[in-house]
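Structural features, examined
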2 protein chains.
Amino acid sequence: SRPAPVAVGGDMATMLAARQREISVSEFFAKNRHLLGFDNPAKALLTTVREAVDNALDACEEADLLPQLHVELEQIREDRFRVIVEDNGPGIVRAQVPKIFGKLLYGSRFHTMKQSRGQQGIGISAAGMYGLLTTGRPVVITSRTGKRKAAHQFEVAINTKKNAPDILRDEQIEWEKPHGTRVEITLEGTYKKGRHSIDGYLKQVAVANPHAQIVYVPPVRKIADEEEATAEPEPRVVYERMTDRRPPEAKEIRPHPHGVELGIFLKMLQDTKARNLRGFLQTEFSRVGNKVIADLMRELAQEAPQITPKTSPKRIARHDAEVLHQALGRVKIMAPPTDCLSPIGEDLLQRALESRVEADFYATVTRPPSVYRGNPFQIEVGLAYGGKQPADELAQLYRYANRVPLQYQRGACAMTRAVTDLPWRNYKISQARGALPTAPMVLAVHIASVWVPFTSESKEAVAHYPEIMREIRLALQECGRRLAAHISKRRRIADEEKKRSYIAKYIPQIGIALQEILGLTDRQRDRTVTTLTDVLERSRKM
Amino acid sequence: SRPAPVAVGGDMATMLAARQREISVSEFFAKNRHLLGFDNPAKALLTTVREAVDNALDACEEADLLPQLHVELEQIREDRFRVIVEDNGPGIVRAQVPKIFGKLLYGSRFHTMKQSRGQQGIGISAAGMYGLLTTGRPVVITSRTGKRKAAHQFEVAINTKKNAPDILRDEQIEWEKPHGTRVEITLEGTYKKGRHSIDGYLKQVAVANPHAQIVYVPPVRKIADEEEATAEPEPRVVYERMTDRRPPEAKEIRPHPHGVELGIFLKMLQDTKARNLRGFLQTEFSRVGNKVIADLMRELAQEAPQITPKTSPKRIARHDAEVLHQALGRVKIMAPPTDCLSPIGEDLLQRALESRVEADFYATVTRPPSVYRGNPFQIEVGLAYGGKQPADELAQLYRYANRVPLQYQRGACAMTRAVTDLPWRNYKISQARGALPTAPMVLAVHIASVWVPFTSESKEAVAHYPEIMREIRLALQECGRRLAAHISKRRRIADEEKKRSYIAKYIPQIGIALQEILGLTDRQRDRTVTTLTDVLERSRKM
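Residues numbered from 1 in each chain as written. Chains lettered and ligands numbered in written order. Predicted model: local features only at pLDDT ≥ 70, side-chain atom pairs only at ≥ 80, totals over all residues. Heavy atoms only, no water.

Digging into the environment of Gly200 of chain B
Residue and element names in this part refer to chain B. Note the cut-off: The helix count covers DSSP runs of H or I at least four residues long, the strand count covers runs of E at least two residues long, and both are numbered beginning at the N terminus. Remark: exposure states derive from per-residue accessible area (1.4 Å probe, protein chains only) relative to the maximum for the residue type, with buried under 20%, exposed over 50%, and partly exposed in between.
Topologically, Gly200 is positioned in helix H6 (residues 198-208). Note on Gly200: relative accessible area 23%, which makes it partly exposed. Here the alpha-carbon distance between Gly200 and Arg481, two residues 281 residues apart in the chain, equals 28 Å.

Here it is, written out as structure tokens:
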């Protein structure tokens, strides 16, 4: 019973066409800010600190400098804060400042395969945009690139419609720092204590970055507020660096042939400067040597004999390219190089945990590098058990991706899943089904990778790739075994203590009883007690 | 013990600067495709169907046409499918086709406040991009805007680096359809049955869109595969439309003053064509009349007397603008208009459930419109209970946003939370703590809004705004009450049946016993049984 269609001509389509418009990426993210971690004022404040700290640490590492960070919060209204993050990094050249802070999707790390905290070139400019939207205030950036250079100060506001920076101020200033960058963002926020606090976040940063010195100045209320005005300001927190060794430099690598999809492969064939297939494969990819080329040609011999090492990449027809791509997938190729990774290391992670978490027992494991979807990655796990940590609560889980602590969406993260999936009872730790273990314990899990597969752009959880899950499990098992040994030993000692105390407690009573029954002298009784104690002590030790 | 800093000059900063690059939004989403719902082949296939169906339904509604959709899948390799979606919509004018299908963030609905399925102008071009990346195939689009116009067919491939379309083919063709659009996307996918199946998804679409006719042709394997070749193809599924009434047209509205943040407000002041503040407020916002202006001026009298209705918007200083924005927030303003919403309606939702879900009892509630963050929204809940649905399993929850079924991330959705938070035992339904109720039941929850706050760009879950949670709860409670009444009544009937069956079963025995004890004749016995039955029936009914 379909009714007669309403008369439709090009008119309706034309009318609809007139409404079509391009949407700028900053308009998109402004409206969808929760995608970037700006869902609510408390999270927005933490996200802003995190983005600024990530950038500062990345910059120091790229310039091979030991990071010295100053993180400060000022409360300027009940719901308004200024976040200040200052580093001793290499500084930013003047022409780049506006784009880095006033344009989304602008950065140096998106197109490289290299481990770094920032990936997309969105974070800090999004924080600035959120500040602008909620308070109208621009980002203030101070930067100096060397002793002999002048320091510059900028005020930058993102033009959301154009996704481009408006420079409101740009002037030379006096600055005592020889080099570094200082960022100030004013935003609507809420300062919270507890699980998602900035304090907790910085402590976790300190665990994963033992080569960094971090000074944290908690918010001073600069607003009139009688109730709070008399409260003592919170003391500043200083995390001293624990090593003067810089982390090994993470090298940039080329993509691995097994990690490149057909669509990307086709594009690479078109874009390459290589004149023949051999050159293309050997320059654009990692791990392609003569053996791989020879094996590939054998794979192609039947299906597409017209493809040879001398074929021009641009001249390979679409269908042939697909055959080539499939054949490449069948050829055995060495795993990608792993000098693109910079793990914390078992030793340093252990020392960092020892200094930041009070406990009785520590264990750390750094797994060998592995690969998912062509991307190298490496897992580390650390564990701090006992001490004054509460025994009847769930273990604390510190999650890290490229040394950045992950704060939200714990339930959605592969790391959480790997921890809850482990049968902790095997390691003498109690655990409710599907839950984190119940123990006086901090667990730290770190993934280092050239491309961390986050489940959302706000970098809150790692996707459940089986290869990643497996490596985390193996590392957890190793730590778990050591922990179980420690707990067994501790229990054995405790048991012995207990038995000894029983002996000490009951043998004299037995002596007295024997004395009464057998009519022993006091001396006979005491000798009997000593002998009995001896015999029992010996039997206990056997 | 800070070590001497490594020598840093402008050199390092310059070197780092050279690496900075703009990232195109399509490169970003290609690398982060899981943000758009392309995490894995099964989800990618469903997401692609969904985006095409959303667009088809939106287009029909914008042109006020009763939608007639044809959805077809072809399996062309083990892991490769062609998705075909054809509609009878108004068609797309030729110049727009490449951008709509070959450019992310291009669309007609982002800048308008109006209820529609699509919001961002990302979905269909992202599906095309995923297809291109995984199979190298472009999107094929056929479109015709009217009987007297020629049909055109295009092949469009997105240029990821530029976020711009490459037109591979553009030609006139013969097409029997007077107007409409046909989209074909080839992609890597997996066809699954069960909870996240395309079948299940389309059934849910049919429930929320009773004015649409949908024909679904499940995949025919066009590949050689001996095992399956003999299998009967699945039959096509036809959802007939249940009404010839088009849904009420959703009007576009202007923003409400209480829903505009300071940053946006500042920008609007700069961009407006209005020459004075009164004109600005009355033309750019909804619900601003003379009373609001007068109240606003009273609010400002103390703090900023220099601001008057005649002040030029562009000349309001930054600080004054902030004061103005705050004052506006304190003025009482009528809730936004709600003709921008187009709910399904209690009646149609009930009929749709009746026809698509076999059950004993149905209840539907459409709540009055409400507002969150200045955005109007409206909640509907439908319930289908009993029948042949399994009694000892969790209830099925259909979640809808602007008539689009949400398929993934159930646990992260405000709708799920509202359902699990409801004390179902009060409504005579059993429920484990924190879980969905256990009952032979389908629950459908629908939010209609000019801006649905999804927790991710892949549109899988609705964010937990308290206003939204409250409306869902109220609608669920109303349905729950009606369900409880139904269950009570049914139980009462069942109890009566039971009692009656007891009477029928035991009274004759009592008759025989009395006969033996008192030596009654058969006739006396039968009369006694009849009298007893009568008395008991009467007492039971009282």
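Observations concerning the packing of helix H10 (residues 290-303) of chain A against helix H11 (residues 318-330) of chain A
Residue and element names in this part refer to chain A. Applied cut-off: Axes, fitted as lines to C-alpha atoms, cover a helix only where it is in contact. Angles between the N-to-C directions of the axes lie from 0 to 180 degrees. Just so you know how the angles are binned, under 35 degrees is roughly parallel, over 145 roughly antiparallel, 65 to 115 roughly perpendicular, and the rest oblique. A clockwise turn of the near helix away from the far one marks a right-handed crossing, whereas an anticlockwise turn of less than a right angle marks a left-handed crossing. Any pair of residues with heavy atoms lying within 4.5 Å of one another is described as a contacting pair. For this classification, Asp, Glu, Lys and Arg are treated as charged, while Ala, Val, Leu, Ile, Met, Phe, Trp, Tyr, Cys and Pro are nonpolar and the rest, including Gly, are polar.
Running from N to C, H10 and H11 point in directions that differ by 135°, and their axes come no closer than 9 Å. On the basis of their axis angle, the class for H10 and H11 is oblique. Viewed along their axes, H10 and H11 form a crossing whose handedness is right-handed. Side by side, H10 and H11 meet where Leu296, Glu299, Leu300 and Glu303 of the first sit next to Val323, Leu324, Ala327, Leu328 and Arg330 of the second. Of the residues that constitute the contact of H10 with H11, the class distribution is six nonpolar, no polar and three charged.

Digging into the nonpolar core
Just so we agree on the cut-off: Throughout this description, the term nonpolar core refers to a set of buried Ala, Val, Leu, Ile, Met, Phe, Trp, Tyr and Cys residues connected via side-chain atoms within 4.5 Å.
Among the nonpolar cores identified, the biggest contains 214 residues, and Phe29 and Val53 of chain A together with Phe29 and Val53 of chain B are the most heavily contacted of them. Residues in contact with Phe29 of chain B, not counting those within four places in the same chain, are Phe28 of chain A together with Leu35, Leu36, Leu104, Ile122 and Met129 of chain B.

Points about helix H12 (residues 346-356) of chain B
Since there are 3.6 residues in each turn of an α-helix, residues three or four apart along the chain are aligned in direction. All names here are of chain B. Where we set the bar: Throughout, the arc means the angular range of directions from the helix axis out to the C-beta atoms.
Within the sequence span of H12, burial applies to Leu348, Leu349, Ala352, Leu353 and Arg356. Across the axial projection of H12, the buried residues extend over an arc of 135°, all falling on one side. Buried residues along H12 sit in contact with H6, strand S10 (237-239), strand S11 (361-366) and strand S13 (375-385).

Some thoughts on the relation of the copies chain A and chain B
Test applied: The fit set for superposing copies consists of C-alpha atoms from residues with pLDDT of at least 70 in both; the fit itself is least squares.
Of the transformation superimposing chain A on chain B, the axial component is 0.1 Å and the angular component is 180°, with the fit at an RMSD of 0.3 Å. The symmetry that links the two subunits is that of a two-fold axis. Proximity to the rotation axis, assessed at the C-alpha, singles out Val25 of chain A in chain A; its C-alpha lies 3.4 Å from the axis. Both copies share a contact surface, since 100% of the interface residues of chain A are interface residues in chain B too.

Details of the pattern of salt bridges
All names here are of chain A. What counts is decided by this rule: We define a salt bridge as a contact between a side-chain nitrogen of Lys or Arg and a carboxyl oxygen of Asp or Glu at a distance within 4 Å.
Across all of its chains, the model carries 64 salt bridges over all chains by this definition. Glu86 is paired through a salt bridge with Lys177; the nearest N and O atoms lie 2.6 Å apart. Highlighted residues: Glu86 in strand S3 (residues 80-87) and Lys177 in the loop between strand S7 (164-173) and strand S8 (180-188), separated in sequence by 91 residues. Lys177 shares its class with Glu86; the two are buried. For Asp295, the salt bridge goes to Lys291, with nearest N and O atoms at 2.7 Å. Of this pair, Asp295 and Lys291 are both found in helix H10, four residues apart, which corresponds to roughly one turn of the helix. With a relative accessible area of 59%, Lys291 lands in the exposed category.

Some words on a nonpolar patch on the surface
This is how the line gets drawn: Residues enter patches when they are more than 30% accessible in relative terms and free of salt bridges; like-charged ones are connected within 9 Å and nonpolar ones (Val, Leu, Ile, Met, Phe, Trp, Tyr) within 5 Å. To measure how exposed things are, a 1.4 Å probe is used in the Shrake-Rupley method; for residues, cover is taken only from the protein chains shown.
Residues Tyr502, Tyr506 and Ile510 of chain A make up a contiguous nonpolar surface patch of about 300 Å² in total accessible area. Judged by its relative accessible area of 41%, Tyr502 of chain A is partly exposed.

What about the interface of chain A and chain B?
You'll often see interface size given as the accessible area lost when the parts meet. Stated precisely, the cut-off is as follows: Buried area counts how much accessible surface, traced with a 1.4 Å probe, disappears from two parts once they are put together, with both parts' losses summed. Residues adjacent in sequence count toward polar contacts only when both atoms are side-chain atoms; beyond that, a polar contact is any pair of N or O atoms within 3.5 Å, and within protein one must be able to donate a hydrogen and the other to accept it.
Facing 84 residues of chain A, the contacting portion of chain B comprises 84 residues. Between chain A and chain B the total buried area reaches about 7200 Å² when both faces are included, carbon and sulfur atoms providing 55% of it. Across the pair Glu322 of chain B and Arg80 of chain A runs a salt bridge, and its minimum N-O distance is 2.7 Å. Summed over the shared surface of chain A and chain B, the result is 18 residue pairs in polar contact (both at pLDDT 80 or more).

Details of unusual backbone geometry
Residue and element names in this part refer to chain B. The phi dihedral of Arg373 falls on the positive side, at around 45°, and the residue is not glycine. Tracing the backbone shows Arg373 in the loop between strand S12 (370-372) and S13. The class for Arg373 is partly exposed, based on a relative accessible area of 45%. Non-glycine residue Gln409 carries a positive phi angle of around 55°. Tracing the backbone through its elements, the reader meets Gln409 in the loop between strand S15 (404-406) and helix H13 (414-421). Overall, the relative accessible area of 36% leaves Gln409 in the partly exposed class.

Brief notes about the confidence of the model for chain A
All names here are of chain A. The cut-off we apply is this: One confidence number per residue, pLDDT, is output by the predictor and ranges from 0 to 100.
When pLDDT is averaged along chain A, the result is 88; 95% of the residues meet or exceed 70. Across chain A, strand S11 (residues 361-366) holds the top mean pLDDT of 97, while helix H7 (residues 226-229) sits lowest at 51. Across residues 1-7 the pLDDT falls below 50, and counting only partners more than four positions away or on other chains, this stretch makes 14 contacts in the model. Interface predicted TM-score (ipTM) for the complex: 0.73; the corresponding pTM is 0.78.

So, helix H14 (residues 466-518) of chain A
Residue and element names in this part refer to chain A. Note the threshold: Expected helix span is taken as 1.5 Å per residue step, with the number of steps being one fewer than the number of residues. What is called the bend at a residue is the angle between a pair of axes, fitted to the seven residues leading up to and ending at it and to the seven starting from it.
Taking 1.5 Å of rise per residue, the 53 residues of H14 would be expected to cover 78 Å, and the 73 Å separating its terminal C-alpha atoms lies within 8% of that figure. If you look at H14, its biggest bend is around 25°, right at Tyr506, and the proline Pro508 turns up within four residues after that. Downstream of H14 by one or two residues, Gly519 has phi in the positive range, about 65°.

Observations concerning the pairing of strand S18 (residues 441-449) of chain B
Residues and elements named next belong to chain B. How we decide: When DSSP finds at least two bridges between two strands, those strands are taken to pair.
With nine of nine residues buried, S18 is to be regarded as a mostly interior element. Burial along S18 is two-sided: Met441, Leu443, Val445, Ile447 and Ser449 and Val442, Ala444, His446 and Ala448, pointing in opposite directions, are all buried. Of the strand pairs in this sheet, strand S14 (residues 396-401) and S18 are connected by six bridges, and their pairing is parallel. Its bridge partner lying in S18, Tyr398 is registered against Ala444.

A short note on the state of the cysteines
Residues and elements named next belong to chain A. Selection criterion: Cysteine sulfur atoms that come within 2.5 Å of each other are treated as a disulfide pair.
Using the criterion set out here, one finds zero disulfides over all chains in the structure. Counting only cysteine sulfurs, Cys413 is the nearest neighbor of Cys479, a cysteine outside any disulfide, at a range of 17 Å. On the accessibility criterion, Cys479 (1% relative accessible area) is buried.

Some remarks on the packing of aromatic side chains
In plain terms, the rule: In summary, the pairing rule links any two rings of Phe, Tyr or Trp, Trp by its six-membered ring, whose centres are within 6.5 Å, and it sorts them by plane angle into stacked for under 30 degrees, edge-to-face for over 60 and tilted for everything else.
Per the stated rule, a full pass over the model turns up 20 aromatic pairs over all chains. With a centroid separation of 6.3 Å and an interplanar angle of 35°, the aromatic rings of Phe265 of chain A and Phe285 of chain A are classed as tilted. Taken together, the positions of Phe265 of chain A in helix H8 (residues 262-271) and Phe285 of chain A in the loop between helix H9 (277-284) and H10 put the pair 20 residues apart, joining distant regions of the chain. In this structure an aromatic cluster arises from ring pairing among Phe28 and Phe29 of chain A together with Phe28 and Phe29 of chain B.

So, the side chain of Arg399 of chain B
All names here are of chain B. Spelled out, the test is: Neither His nor the chain ends contribute to the count of charged residues, in which Lys and Arg are positive and Asp and Glu negative.
Looking at where Arg399 falls in the secondary structure, it is placed in strand S14. Despite its burial, Arg399 pairs with no opposite charge; the closest candidate is Glu460, at 7.9 Å N-O. A polar contact is formed between the side chain of Arg399 and the backbone oxygen of Tyr408, at a distance of 2.8 Å. At a separation of 2.8 Å, a polar atom in the side chain of Arg399 contacts the main-chain carbonyl oxygen of Glu460.

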